[in-house]
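# Fold and contact review
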Amino acid sequence: MKEERPYVTCLMMTSVDGKILGEKWGNSEKMEILRGKFEQIHEEIGIKAWIVGRTSMEKDFTDFAKPVIKDDQPPMDRNDYVGKHDDSGRFAIALDGKAKLGWAESTMQGDHVITILTEQVKDGYLAHLQDIGVSYIFAGKNEIDLTVALNKLRSLFGIEKLMLEGGARINGSFLQAGLIDELHQLLLPIADGGTETSSIFEIDLKDKTNDATLMKLKKVKQIEDDVLWLNYIF
Ligand SMILES: NC(=O)c1ccc[n+]([C@@H]2O[C@H](COP(=O)([O-])OP(=O)(O)OC[C@H]3O[C@@H](n4cnc5c(N)ncnc54)[C@H](OP(=O)(O)O)[C@@H]3O)[C@@H](O)[C@H]2O)c1
């Protein structure tokens, strides 16, 4: 199967207790520097296609924009749509089975947008995506099948390496499905301590069928500002 899907590398930034919600860590100058480590290491790893869950995309990128639904749209086929994009290999990908994200243009921070949908979404939503040139792929009737989604990212867009960048729920789904090959964890010198804050991987108890996953430590590096960069392979 591996050769049919992209190689998946997960990058996450956490407190020492594995928490991932950076907005709970305050706004001091030091915290801003620490939060900047994520983009710095993202660039350093250099994988040009990245994927996030719907919640992370709306919170950190689309600013909770509402979906646009074109009025009076006649029924549309549930065929994948590949919008016009350059050959830089830079893609911003969202997992949004229920089409809750609002898109206004076909790029996010210069990267071509691909959204992963289920077939239940409205025709008017698809028509708007085509109007603005956002690519979409279908990966299930009502639920997203991650293996189908990954295989299509490779076959339709030539994506051989993919950076999985959270949050907890998308990471948990990839973990549960055995679809992560490598993890880069940036361990910040922060103790969070919240009991309600998310951690790196979250799988609903009712869905959790696997035991804990054992990884192999590949590299440890101390970088500036007391940050540890841990690299594991699965
Ligand atoms: N510290 C870090 O490095 C880091 C990195 C990224 C994000 N974050 C933070 O993480 C938080 C969001 O994390 P989150 O766990 O709440 O949400 P998330 O993983 O970003 O998104 C989860 C949503 O994605 C959609 N989805 C569709 N198919 C899915 C599938 N198979 N598995 C999982 N999700 C699927 C679902 O949307 P529907 O509910 O619409 O179906 C689901 O609710 C944000 O606060 C963000 O800032 C931190």
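Higher on the page you've got the structure.
Scope of this entry: the structure provided in the associated data block. In this convention, every chain numbers its residues from 1, walking through the sequence in written order. Given that this is a predicted model, residues contribute local features only at a pLDDT of at least 70 and side-chain atom pairs are listed and counted only at 80 or more, while totals for whole chains, interfaces and linings are drawn from all residues.

## Looking at the environment of K152
The cut-off we apply is this: Secondary structure elements follow DSSP: runs of H or I no shorter than four residues count as helices, runs of E no shorter than two count as strands, and numbering proceeds from the N terminus. A pair of residues counts as a contact when their C-beta atoms, built from backbone coordinates, are within 7 Å of each other.
Mapped onto the elements of the fold, K152 is located in helix α5 (residues 146-157). Once residues within four sequence positions are removed from consideration, K152 is found in contact with D80, I137 and A139.

## So, unusual backbone geometry
Backbone torsion omega between G166 and G167 reads 0°, so that peptide bond is classified as cis. Relative to the assigned elements, G167 resides in the loop between β7 (161-164) and α6 (168-176). Positive phi, close to 50°, is recorded for D72, a residue that is not glycine. Following the sequence through the fold, D72 ends up in the loop between α3 (54-60) and β3 (91-95). We note that A99 has phi near 55°; this positive angle belongs to a residue other than glycine. The topology assignment puts A99 in the loop between β3 and β4 (107-108).

## Remarks on the nonpolar core
Note the cut-off: Note on terminology: a nonpolar core is any set of buried Ala, Val, Leu, Ile, Met, Phe, Trp, Tyr and Cys residues joined through C-beta atoms within 7 Å. Burial is judged by counting other C-beta atoms within 10 Å of a residue's own C-beta: 20 or more means buried, 12 or fewer means exposed, and anything between counts as partly exposed, with every C-beta placed from the backbone.
Judged by nonpolar contacts, the single largest core of 51 residues is most densely connected at I93, I116, L162, L164, F174 and I180. What L162 contacts, discounting residues up to four positions off in sequence, is P6, V8, I47, A49, I51 and L153.

## With respect to the site of the ligand
This is how the line gets drawn: Whether a residue is near a molecule or strand depends on its C-beta atom, generated from backbone atoms, being within 6 Å of that molecule or strand.
Contacts to the ligand come from 28 residues, most closely from G53, S56, G166, G167 and S173. If you list the elements that add at least two residues to the shell around the ligand, you get β1 (7-14), β2 (49-53), α3 and α6. With 5 residues, the single largest contributor to the shell around the ligand is α3.

## Re helix α4 (residues 123-132)
Our working rule: By construction, the arc corresponds to the directions joining the helix axis to the C-beta atoms.
For α4, the complete set of buried residues consists of Y125, L126, H128 and L129. Down the axis of α4, the buried side of the element spans an arc of 160°, and every buried residue falls inside it. Against the buried residues of α4 lie β6 (135-138).

## Brief notes about the environment of D192
Relative to the elements of secondary structure, D192 occurs in the loop between β8 (182-187) and β9 (216-223). Sequence separation between D192 and D211 is 19 residues; the distance between their C-alpha atoms is 26 Å. The residues contacting D192, other than those within four sequence positions of it, are S15, D17, K19, K24 and T197.

All quantities given are derived from atomic positions and should not be read as evidence of function.
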